[in-house]
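Spelled out, the chains give:
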Amino acid sequence: MTAETTDRGPDASGPPAEDRRYEQRGWYFYDFACSVYSTSVLTVFLGPYLTSVARAAADADGFVHPFGIPVRAGSLFAYSVSLSIVLAVLVMPLAGAAADRTGRKKPLLAAAAYVGAAATAGMFFLDGDRYLLGAFLLITANASLAVSMVLYNAYLPQIAEPDERDAVSSRGWAFGYASGAFVLVLNLVLYGGHESFGLSEGDAVRICLASAGVWWGAFTLVPLRRLRDRRVPQGRAEPVGSGWRQLVSTLKDMRRHPLTLSFLLAYLVYNDGIQTVISQASIYGSEELGLEQTTLIVAVLLVQVLAVAGALGMGRLAQAYGAKRTILGSLAVWTLILVAGYFLPAGAPVWFFLLASAIGLVLGGSQALSRSLFSHLVPRGKEAEYFSAYEMSDRGLSWPGPLVFGLAYQLTGSYRDAIVSLVAFFALGFVLLARVPVRRAVAAAGNPVPSRI
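Residues numbered from 1 in each chain as written. Predicted model: local features only at pLDDT ≥ 70, side-chain atom pairs only at ≥ 80, totals over all residues. Heavy atoms only, no water.

Visitor: With reference to specific residues and values, describe the pattern of salt bridges.
Guide: This structure, assessed with the given rule, holds nine salt bridges. One salt bridge in this structure joins Glu287 and Arg55, with 2.6 Å as the shortest N-O distance. Here the residue Glu287 occupies a position in helix 10 (residues 258-288), and Arg55 occupies one in helix 1 (residues 17-57), the gap between them amounting to 232 residues. Residue Glu287 is classed as partly exposed on the basis of its relative accessible area, which comes to 31%. (Salt bridge = Lys/Arg side-chain N within 4 Å of Asp/Glu carboxyl O. Helix = DSSP H or I, 4+ residues; strand = E, 2+ residues; numbered from the N terminus. Buried < 20%, exposed > 50% of the residue type's maximum accessible area, 1.4 Å probe, protein only.)

Visitor: Could you give an account of a nonpolar patch on the surface, with specific residues and numbers?
Guide: Where nonpolar side chains cluster on the molecular surface, the patch consists of Phe124, Phe125, Leu133 and Phe136 and spans about 390 Å² of accessible area. If you trace the backbone, Phe124 turns up in the loop between helix 3 (105-121) and helix 4 (131-154). Of the residues examined, Phe124 reaches a relative accessible area of 33% and is grouped as partly exposed. (Patch = residues over 30% accessible without salt bridge, like charges linked within 9 Å, V, L, I, M, F, W, Y side chains within 5 Å. Areas by Shrake-Rupley, 256 points an atom, 1.4 Å probe, with all protein chains shown as cover.)

Visitor: So, unusual backbone geometry: which residues are in play, and what are the values?
Guide: One non-glycine residue, Phe67, adopts positive backbone phi at about 55 degrees. Mapped onto the secondary structure, Phe67 falls in the loop between strand 1 (63-64) and strand 2 (71-72). The exposed category is assigned to Phe67, whose relative accessible area is 77%.

Visitor: Describe empty space enclosed by the protein, naming the residues involved and giving the relevant values.
Guide: Applying the stated criterion to the full structure yields four cavities of 30 Å³ or more. Taken as a whole, the largest cavity spans an internal volume of roughly 720 Å³. Lining the largest cavity are 45 residues, with Thr43, Gln275, Val277, Ile278 and Ser279 positioned closest to its centre. Along the lines of polarity and charge, the residues of the lining of the largest cavity split into 29 nonpolar, 13 polar and three charged. (1 Å grid on protein atoms, 1.4 Å probe; cavity = no way out; pocket = protein on both sides within 12 Å on 5 of 7 lines; lining within 4 Å. Points joined across faces, edges and corners; volume = space filled by probe spheres on them. Nonpolar A, V, L, I, M, F, W, Y, C, P; charged D, E, K, R; others polar.)

That's the geometry; what it means functionally is another story.
Here is the structure:
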């Protein structure tokens, strides 16, 4: 049975190398499309801007009251990110089951991508005291991105042979960081020179936000053109409503592969820390360190540029030392980054740039290698459903970090206390990953064990 007629992924009878490369090049471009949202919107502009909009609507004590619930204005962004992930948890099993049972990933990918792109483009209308509109658009866009990534990642076992996956996964992340860097340069030109363009600072921010949605939608056309849907054998198709039953079935099946489940638990913990640092860094820089928006843009641009080299460089380190050791090293660096961030002096952009450089060097590689390592732990023939569970860990269950961050700030009023609270995620994730015997896990999943893993 070939990859044309099954979702089992490439093997000895899979598609020719040239066909795989054609799809791989298209696959890279979804990272190229959607990473601009993660960079320009989630990491740079929306956190500080939505916080300023919420403060414009706040009472004398600094609280807004969505649906009568008192929320400190400075915590609104973190809570919205957390709520968006809870929404994604409800939708992702349905999308994953529909893709797995029908083989039609592309229509579902298109729907999720364009809902997210439209919500992001709609941020152009976020001004004044419309904090509820901002929270709604953020929740919609972030949840849509998470759902689309379920479908995007499930293509990896289909378009790449086992010994290709570290490189293919790393190139995807590198494409994403390259696009984020390019668009941030354009954002920096527009934001830094907004007066010469006849724009207010708020207008420039809203244009930067909306343009990320346009970029996301436009470049999604490339993977939609190149990636192929695989036919599903007769008898496998089930109603879409079976999504939660499929997830429960997958988790039950994972009990037969406890080492795969152990890796997924470790990934859930340390990735939660990574996602929270990414989404809350701009608020920490602007609110706690008192840095200008231009400084934050330059810092994130530095992250994007170095993340390209970091993703490719860590991919090479994995070839020499194995993916597990390389990821463990990156988690140690993440812990040092947070400790250093706690002690960063306010109003000192040079130190912030140094911290951003360290983040860039470990960010892409730790995520890319985690994705490729997991692909070796998936039993053959169950790639799509296992990657749905992986994406639940990647984005769907990454709500405790933002919640802890928001609660720490709400209780202490200090972003330094909030940022240092994230050390626990990296320390615990390190311990859990170190305990996973990955070579034995690969063999237990019925897959060939690479020489370096």
